[in-house]
Amino acid sequence: MDTASLNISNVSKSFSVPVLKEINLTISKGEIHAIVGENGAGKTTLVNILAGNIPKDSGSIILDGNVYAPSKPKDAFKAGISCATQELSLINTLSVAENIGLREFPRRNSIILKDALVHKARQLLHLVGLEDLNPDVLVEELGLAERQLVEIAKALSSDCSILILDEPTAALTGPQANHLHKIITDLVKNGTSIIYISHRLQDVINIADTVTVLRDGQVVMTKHSGKLSVTDLMEYMSGNVQSKNKDQSVSQQNSSPVLEVCSITNDELPHKISFSCYENEIIGIAGLSGSGRSELLNALFGLSPLTDGHIIRITSTGHIDIKNSVTAKKFGIAYLGEDRQSMGIYS
């Protein structure tokens, strides 16, 4: 890793306010370089510049000794930079095979070679762990985790020297994430450089060689991952030192319930569910894919009508029966679903 694959020098970008402020980064050949930061730190803006989606305002980018200044995504593809974005770039009305091959369809005399398209799609689907998925199925019929893996297959459809993965495991299960990490390490062995962006900080430490932290559009730290802990990363990301001895436990006896879920059922949740949520409490909901996690959250926000039971929001002025999303939002409930691109309107 002596020869730098990508040098980013004093790159800045502003919209109405500065978003990136003189970013300096070096990505070496065959390196997994993680970039972490809180929401709004500038990670996705940097990715969009490298992917040719938006121009930088100032600074320079050198790729393998040559000036790199893409004006569109096609320039990035030609230069050997491929990106799997968090906000998926898939077209729902096209098939899985068509989405994977969208950057360069196999063709002869302007006619798309369907057999070759499907064959390549099958190879890439097998690579990302979707060997049982029909390449002819429409993307709109897939779940979010499957779409995320198709997005990664699409990014791998062309040879690249630098692969950018923006929150690649956000929608994946543990085994799916582990499989992806194996793909990444295999690519690195062949000389590909990986830019890995994730909020799963333990994954970052486990998979990355080097970690860079962005905060408020600036680089605040770059270190070898072996010298870092999750607590270190949290401190760099937030700018606050975490208390080692702080008792963060919350006693339900000293707090009041703010939400009561009373024996609710609906068409997707046939078994009665009940629980209480207290002030200053974080409740985790876990389960396998298809177990009803998302369906429960939809019900709590009033997106799915109940067939039985009640969802009661408790405020200082009284008890409110949550029957729809309008009431939920009016009384202080927000919802950020697993597919934030399509569901972010509810937050």
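Overview of the structure.

Parameters and conventions
- Residues numbered from 1 in each chain as written.
- Predicted model: local features only at pLDDT ≥ 70, side-chain atom pairs only at ≥ 80, totals over all residues.
- Heavy atoms only, no water.
- Core = buried A, V, L, I, M, F, W, Y, C linked by side-chain atoms within 4.5 Å.
- Buried < 20%, exposed > 50% of the residue type's maximum accessible area, 1.4 Å probe, protein only.
- Helix = DSSP H or I, 4+ residues; strand = E, 2+ residues; numbered from the N terminus.
- Contact = heavy atoms within 4.5 Å.
- Patch = residues over 30% accessible without salt bridge, like charges linked within 9 Å, V, L, I, M, F, W, Y side chains within 5 Å.
- Areas by Shrake-Rupley, 256 points an atom, 1.4 Å probe, with all protein chains shown as cover.
- Salt bridge = Lys/Arg side-chain N within 4 Å of Asp/Glu carboxyl O.
- Pairing = 2+ DSSP bridges.
- Axes fitted to C-alpha atoms, helices over the stretch in contact; angles between N-to-C directions.

Here we look at the nonpolar core
With 47 residues, the main nonpolar core has V96, V150, I184 and L233 as its most contacted residues. Per-element accounting of this core gives the leading share, 6 residues, to helix α5 (residues 144–155). The contact partners of V150, leaving out residues within four places of it in the chain, are L90, V96, I100, L125, L130, L133 and L142. In this structure, L20, A41, V47 and A76 belong to the second largest nonpolar core, which totals 25 residues.

Observations regarding a nonpolar patch on the surface
On the surface, I283, I285 and L297 cluster together to form a nonpolar patch covering roughly 220 Å² of accessible area. Here I285 shows up in the loop between β14 (269–278) and α9 (293–300). Here I285 falls in the partly exposed class, since its relative accessible area comes to 39%.

Observations regarding the side chain of T85
Inspection of the secondary structure puts T85 in the loop between β6 (81–84) and α3 (96–100). Overall, the relative accessible area of 16% leaves T85 in the buried class. If near-sequence neighbours (up to four positions away) are discounted, T85 is found in contact with Q148, E151 and D166.

What about the sheet that holds strand β9 (residues 162–166)?
Reading across the sheet, the 6 strands line up as β6-β9-β10-β3-β11-β12 and stay open at both edges, with mixed pairing between neighbours. Of all the strands in the sheet, just β6 and β12 (218–224) have a single pairing partner and so form its edges. Within this sheet the neighbouring strands show an average axis-to-axis angle of 20°, counted without direction. The pairing of strand β11 (residues 210–215) with β12 spans 6 bridges and is classified as antiparallel. The residue of β12 that forms the bridge with V213 is M221. Contacts from α5 reach β6 and β9 within the one sheet, and its direction differs from that of β6 by about 175°.

Focus: the pattern of salt bridges
Per the stated rule, a full pass over the model turns up 6 salt bridges. Across the pair D75 and K72 runs a salt bridge whose closest N-O atoms are separated by 3.3 Å. What makes D75 partly exposed here is its relative accessible area of 23%. With relative accessibility at 40%, the residue K72 sits in the partly exposed group. Notably, a salt bridge pairs K272 with D308, separated by 3.9 Å at the nearest N-O pair. Here K272 is found in strand β14, whereas its partner D308 is found in strand β15 (residues 308–315), with 36 residues between them in sequence. Classification of K272 by relative accessible area gives exposed; the value is 58%.

Everything listed here is a matter of geometry and, on its own, says nothing about what the molecule does.
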